Amino acid sequence: QVQLVESGGGLVQAGGSLRLSCAGSGRTFSSYTMGWFRQAPGKEREFVAAITWSGGNRDYADSVMGRFTISRDNAKDTVYLQMNSLKPQDTAVYYCAATRLLLTRIEREYDYWGQGTQVTVSS
């Protein structure tokens with residue numbers, strides 16, 4: 001069992017930056033691939049980024065490539081999402097999730113989810 005808690009969301013102007021954190025509990029956190037997803041109002045939840053257990057492999061949605069960076073610190077059981085050059089269309093609730101699989105963008109393949117943190121980007 002893994003419990004996930006996101007933090008770091010907030011209100012930022014377009015062009016600004018935020019860093020989201022996802023703290024995990026459970027002694028096997030470091031064995032999970034971790035992903036970030038987001039859900040904007042009236043839209044389906046979508047994949048943002050993922051990182052394998054070792055941090056050696058990462059995957060990004062085209063919409064965030066070059067602006068967002070996913071990383072993890074297994075000693076702290078935490079995964080991060082550094083978001084730069086934010087745009088109003090990045091406004092959404094951001095969720096972190098854990099899966100035993102290797103890198104995947106498929107939502108249903110993630111077993112554990114956090115409660116989400118709101119990110120709002122003003123124009």
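Refer to the structure presented above.
Residues numbered from 1 in each chain as written. Predicted model: local features only at pLDDT ≥ 70, side-chain atom pairs only at ≥ 80, totals over all residues. Heavy atoms only, no water.

Draft legend 1. The arrangement of the sheet that holds strand β1 (residues 3–7) in detail. Strands sit in the order β1-β3-β8-β7 across an open sheet of four strands; the sheet is antiparallel. Strands with a single pairing partner mark the edges of an open sheet, and in this sheet they are β1 and β7 (68–73). Averaged over all neighbouring strand pairs, the angle between strand axes comes to 15°, with direction disregarded. In the sheet, strand β3 (residues 18–25) pairs with strand β8 (residues 78–83) via six bridges, with the strands oriented antiparallel. Note on β8: the bridge partner recorded for R19 is Q82. (Pairing = 2+ DSSP bridges. Helix = DSSP H or I, 4+ residues; strand = E, 2+ residues; numbered from the N terminus. Axes fitted to C-alpha atoms, helices over the stretch in contact; angles between N-to-C directions.)

Draft legend 2. Examining the pattern of salt bridges more closely. Overall, the coordinates contain five salt bridges when judged by the stated rule. Between E107 and R45 there is a salt bridge; the shortest N-O distance is 2.8 Å. Taken as a pair, E107 in the loop between β9 (92–99) and β10 (112–113) and R45 in the loop between β4 (33–39) and β5 (46–51) lie far apart in primary sequence, 62 residues in all. Judged by its relative accessible area of 30%, E107 is partly exposed. Note that D59 and R105 form a salt bridge whose closest N and O atoms lie 2.7 Å from each other. With D59 in strand β6 (residues 58–60) and R105 in the loop between β9 and β10, the pair connects residues that are 46 residues apart, well separated along the chain. (Salt bridge = Lys/Arg side-chain N within 4 Å of Asp/Glu carboxyl O. Buried < 20%, exposed > 50% of the residue type's maximum accessible area, 1.4 Å probe, protein only.)

Draft legend 3. Main features of the nonpolar core. In terms of nonpolar packing, the biggest core is built from 34 residues, with L4, M34, W36, L81, M83 and Y94 touching the most fellow members. Elements with a minimum of two residues in this core: β3, β4, β5, β7, β8, β9 and β11 (117–122). Not counting residues up to four positions away in its chain, the partners in contact with L4 are C22, A23, G24, F29, M34, C96, A97, A98, Y112, W113, G114 and Q115. (Core = buried A, V, L, I, M, F, W, Y, C linked by side-chain atoms within 4.5 Å. Contact = heavy atoms within 4.5 Å.)

Draft legend 4. Inspection of the pairing of β3 at higher detail. As judged from the five bridges shared by β1 and β3, these two strands associate in the antiparallel manner. Across the sheet, L4 pairs through a bridge with G24, a residue of β3.

Draft legend 5. Main features of the packing of aromatic side chains. Taken as a whole and judged by the stated rule, the model has six aromatic pairs. Ring geometry for Y32 and Y112: centres 5.9 Å apart, planes at 75°, overall edge-to-face. Of this pair, Y32 sits in the loop between β3 and β4 while Y112 sits in strand β10, and the two are 80 residues apart along the sequence. We note that Y32, like Y112, is buried. Summarising the aromatic geometry, the rings of Y95 and W113 are spaced 6.5 Å apart at their centres and angled 75° between planes, so their arrangement reads as edge-to-face. Residue Y95 is found in strand β9, and its partner W113 is found in strand β10; the two are separated by 18 residues along the sequence. The class for Y95 is buried, based on a relative accessible area of 15%. One aromatic cluster is present, formed by F37, F47, Y95, Y110 and W113 through successive ring pairs. Of note, R45 hangs over the ring of Y95, and the distance from its end group to the ring centre comes to 4.7 Å. (Phe/Tyr/Trp six-rings, centres within 6.5 Å; stacked < 30°, edge-to-face > 60°. Lys NZ or Arg CZ within 6 Å of the ring centre and 35° of its normal.)

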